[in-house]
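# Structural overview for review
Now for the letters of each chain:
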Amino acid sequence: FLAAAFVAVSEATSQASCDLYLGPSTIPEAGRGVFAGVSHPNTSTLAYSRAVPVLRNHTSQCQLDNYVFDTGFDDFCMVVIGLGSLFNHRIPPSVGYVWSQGKLVNPLDTEYEGYSQFLGTDFVANEDISPGQELFISYGDAWLSDRGYPESNETNNVLPAFNESYLCATTISINTSTIPNAGLGVFATRSFRKGELVSFSPVLALDERLIADTFD
């Protein structure tokens, strides 16, 4: 699900240049995907997301298991917040990701604090990206087969027309908050009219004990 996903974009928004869009995937029955709105050269950073560590034995008990990122550790994984959780899977991937700030910290080794144990995540182009191209990351070689899905790279090779079905995904950015000692904040990358959709986010229904138990 997406919060405000079906709110129509304004005429000004649909005509404005946008680096990345969210819209109907080229993979049949895959839901939505992330698309390039402009050209992106190989090795360029396409998106930045924050991530938080969660114990794997909790994620395996709910649908969150389909969205977490591997850390190389057996007992915890990362939940990537925002656009980073919306890329679809394909091998070979056109986009890679790296932990760009901080370090991987097992939540069992931390104490609960006001600041979350966030980690920066950069999504980087593995090739030259063309406007209209759907962007894919790798969920792992066995991700589909482990869940009983056939391995396939089938896509609909049709360039999208960026209309009201597509939402601009680069209307906000993350930077140091203007509030002292508040850490990071969210900033607008362009002007908005009153009542206009500012951004969207994936929403999953989870047991509230999932996150609370991580830091017990």
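This section reports on the structure supplied with the text.

## Observations regarding unusual backbone geometry
Here the amide bond leading from Ile91 into Pro92 is cis, since omega sits at 0 degrees, within 30 degrees of zero. Mapped onto the elements, Pro92 comes out in the loop between β6 (88-89) and β7 (95-101). The phi angle at Thr43 is positive, at roughly 75 degrees, despite the residue not being glycine. Inspection of the secondary structure puts Thr43 in the loop between β3 (32-36) and β4 (45-55). Non-glycine residue Asn181 carries a positive phi angle of around 65 degrees. Note on placement: Asn181 falls in the loop between β11 (172-176) and β12 (184-188).

## Focus: the nonpolar core
Note on soluble globular proteins: their nonpolar side chains tend to be buried together. Core analysis: the largest hydrophobic core is formed by 25 residues, its most contacted members being Leu20, Val34, Leu83, Phe123 and Leu135. Residue assignment for this core shows that the elements contributing at least two residues are β2 (20-24), β3, β4, β5 (76-81), β8 (119-125) and β9 (134-137). Looking at which element gives the most residues to this core, the answer is β4, with four residues. Sequence-distant contacts of Leu135, defined by excluding residues within four places in its chain, comprise Leu20, Val34, Phe35, Ala36, Leu46, Phe87, Asn88, Ser94, Val95 and Ile129. Membership of the second largest hydrophobic core comes to six residues, among which are Val54, Leu64, Val68 and Cys77.

## Some thoughts on the environment of Cys168
Inspection of the secondary structure assignment puts Cys168 in strand β10 (residues 167-168). Separated by 32 residues in sequence, Cys168 and Phe200 place their C-alpha atoms 9.2 Å apart.

## Points about the packing of aromatic side chains
Any pair of aromatic rings gets described here by the distance separating the centres and the angle formed by the planes. Evaluation of the coordinates by the stated rule reveals nine aromatic pairs. Ring plane angle 45 degrees and centroid distance 6.0 Å describe the contact between Tyr97 and Phe123, whose orientation is recorded as tilted. With Tyr97 in strand β7 and Phe123 in strand β8, this pair connects stretches of sequence that are 26 residues apart. The partly exposed category is assigned to Tyr97, whose relative accessible area is 29%. The rings of Phe69, Phe87, Tyr97, Trp99 and Phe123 are connected pair by pair, giving a single aromatic cluster.

## Observations regarding the sheet that holds β2
Pairing within the open sheet is mixed, and its five strands lie in the order β6-β9-β3-β2-β10. Strand pairing shows two members of the sheet lacking a second neighbour, β6 and β10, which therefore form its edges. Across two bridges, β2 lies against β10 in antiparallel orientation. Along β10, the bridge assignment pairs Tyr21 with Cys168.

Conventions and cut-offs
- Residues numbered from 1 in each chain as written.
- Predicted model: local features only at pLDDT ≥ 70, side-chain atom pairs only at ≥ 80, totals over all residues.
- Heavy atoms only, no water.
- Helix = DSSP H or I, 4+ residues; strand = E, 2+ residues; numbered from the N terminus.
- Core = buried A, V, L, I, M, F, W, Y, C linked by side-chain atoms within 4.5 Å.
- Buried < 20%, exposed > 50% of the residue type's maximum accessible area, 1.4 Å probe, protein only.
- Contact = heavy atoms within 4.5 Å.
- Phe/Tyr/Trp six-rings, centres within 6.5 Å; stacked < 30°, edge-to-face > 60°.
- Pairing = 2+ DSSP bridges.

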